Amino acid sequence: MENCIFCKIAAKQIPTKAIYEDDDLIAFHDINPAAPVHFLIVPKQHIPTLADCTEAHAALLGKMALLAPRLAQEQGCGYQQDGQGEASGGYKTIFNVGPDGGQEVYHLHMHVIGGPRPWRGQR
Ligand code: 5GP
Ligand code: ZN
């Protein structure tokens, strides 16, 4: 897609330091982080919004969801429980959809937002 910033990042037309990449997905830090850890998981395929997804995208969406905990762990905001069942860490996973959902970039992406609070939390 012409003039789509995330297509350009996926195609390496805009240099961006990826924290993860495979044939289907790329993940990178948000340029305007809302918390100590804030990265985006982005399919390389141009899909404008979550509302444009169909059954055909189920595996891709599942892959995005399963990647979030793994990368969150690597980025230092993983969720865990200690031996006493005390929980720590954690993050939000967010798909903004459409104007009322606050979507700014119309190329599907999942925000992963976490790290020690307080957060700015503007996402
Ligand atoms: P949305 O509001 O569409 O859910 O989120 C888009 C996100 O992409 C925003 O949090 C914004 O900061 C981030 N973003 C926009 N352009 C760029 C860019 O060129 N590089 C990076 N790393 N993040 C971007
Ligand atoms: Zn795109």
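Higher on the page you've got the structure.
Residues numbered from 1 in each chain as written. Chains lettered and ligands numbered in written order. Predicted model: local features only at pLDDT ≥ 70, side-chain atom pairs only at ≥ 80, totals over all residues. Heavy atoms only, no water.

A. Highlighting the site of ligand 1. With respect to spatial proximity, 17 residues lie near ligand 1, and among them Asp30, Glu104, His109, His111 and Arg123 are the closest. Within the contact set of ligand 1, a nitrogen atom lies 2.9 Å away from a backbone nitrogen or oxygen of histidine 29. Compared with its free state, where it exposes 520 Å², ligand 1 has 89% of that area covered by protein. Secondary-structure elements contributing two or more residues to the shell around ligand 1 are helix H1 (5–10) and strand S2 (25–29). The greatest single-element share of the shell around ligand 1, amounting to 3 residues, is contributed by H1. A per-class count over the shell around ligand 1 returns 7 nonpolar, 7 polar and 3 charged. (Near = heavy atom within 4 Å. Polar contact = N/O pair within 3.5 Å; in protein donor to acceptor, adjacent residues only side chain to side chain. Areas by Shrake-Rupley, 256 points an atom, 1.4 Å probe, with all protein chains shown as cover. Helix = DSSP H or I, 4+ residues; strand = E, 2+ residues; numbered from the N terminus. Nonpolar A, V, L, I, M, F, W, Y, C, P; charged D, E, K, R; others polar.)

B. Representation of the environment of threonine 49 within the structure. Mapped onto the elements of the fold, threonine 49 is located in the loop between strand S3 (37–43) and helix H2 (58–74). The buried category is assigned to threonine 49, whose relative accessible area is 9%. Sequence spacing of threonine 49 and isoleucine 113 is 64 residues, and the spatial spacing of their C-alpha atoms is 19 Å. When neighbours within four sequence positions are excluded, threonine 49 is seen to be in contact with Val97, Gln103, Tyr106 and Leu108. In terms of polar contacts, threonine 49 uses its side chain to reach the backbone amide nitrogen of alanine 51, at 2.9 Å. (Buried < 20%, exposed > 50% of the residue type's maximum accessible area, 1.4 Å probe, protein only. Contact = heavy atoms within 4.5 Å.)

C. Focus on the coordination of the zinc ion (ligand 2). Here the zinc ion (ligand 2) is held by the protein donor atoms Cys4 (SG), Cys7 (SG), His46 (ND1) and His107 (ND1), which lie 2.0 to 2.3 Å from it. Around the zinc ion (ligand 2), the 4 donor atoms sit at angles spanning 104 to 116°, and that spread fits a shape best called tetrahedral. We classify cysteine 7 as buried; its relative accessible area is 12%. (Donors = N, O, S within 2.8 Å, 3.2 Å for Na, K, Ca; no water. Tetrahedral: all angles 85-135°; square planar, octahedral: opposite > 155°, others 65-115°.)

D. Focus on the pattern of salt bridges. Counted according to the given criterion, the structure contains 5 salt bridges. Where aspartate 22 meets lysine 63, a salt bridge forms, and the shortest distance between an N and an O atom there is 3.1 Å. You can see aspartate 22 sitting in the loop between strand S1 (18–21) and S2 and its partner lysine 63 sitting in helix H2, a full 41 residues away along the chain. The exposure class assigned to aspartate 22 is buried, which follows from its relative accessible area of 18%. For glutamate 74, the salt bridge goes to arginine 70, with nearest N and O atoms at 3.6 Å. Placement of the pair is glutamate 74 and arginine 70 together in helix H2, with a separation of 4 residues, close to one helical turn. For arginine 70, a relative accessible area of 44% corresponds to the partly exposed category. (Salt bridge = Lys/Arg side-chain N within 4 Å of Asp/Glu carboxyl O.)

E. Molecular detail of the nonpolar core. Counting residues in each nonpolar core, the largest one holds 19 residues, and the members touching the most others are Leu25, Phe39, Ile41, Leu71 and Val112. Contributions of two or more residues to this core are made by S1, S2, S3, H2 and strand S7 (110–114). Ranked by residue count, the leading element in this core is H2, at 6 residues. Excluding anything up to four places from it in sequence, leucine 25 contacts Tyr20, Ile41, Val42, Pro43, Lys44, Leu60, Lys63, Met64 and Leu67. (Core = buried A, V, L, I, M, F, W, Y, C linked by side-chain atoms within 4.5 Å.)

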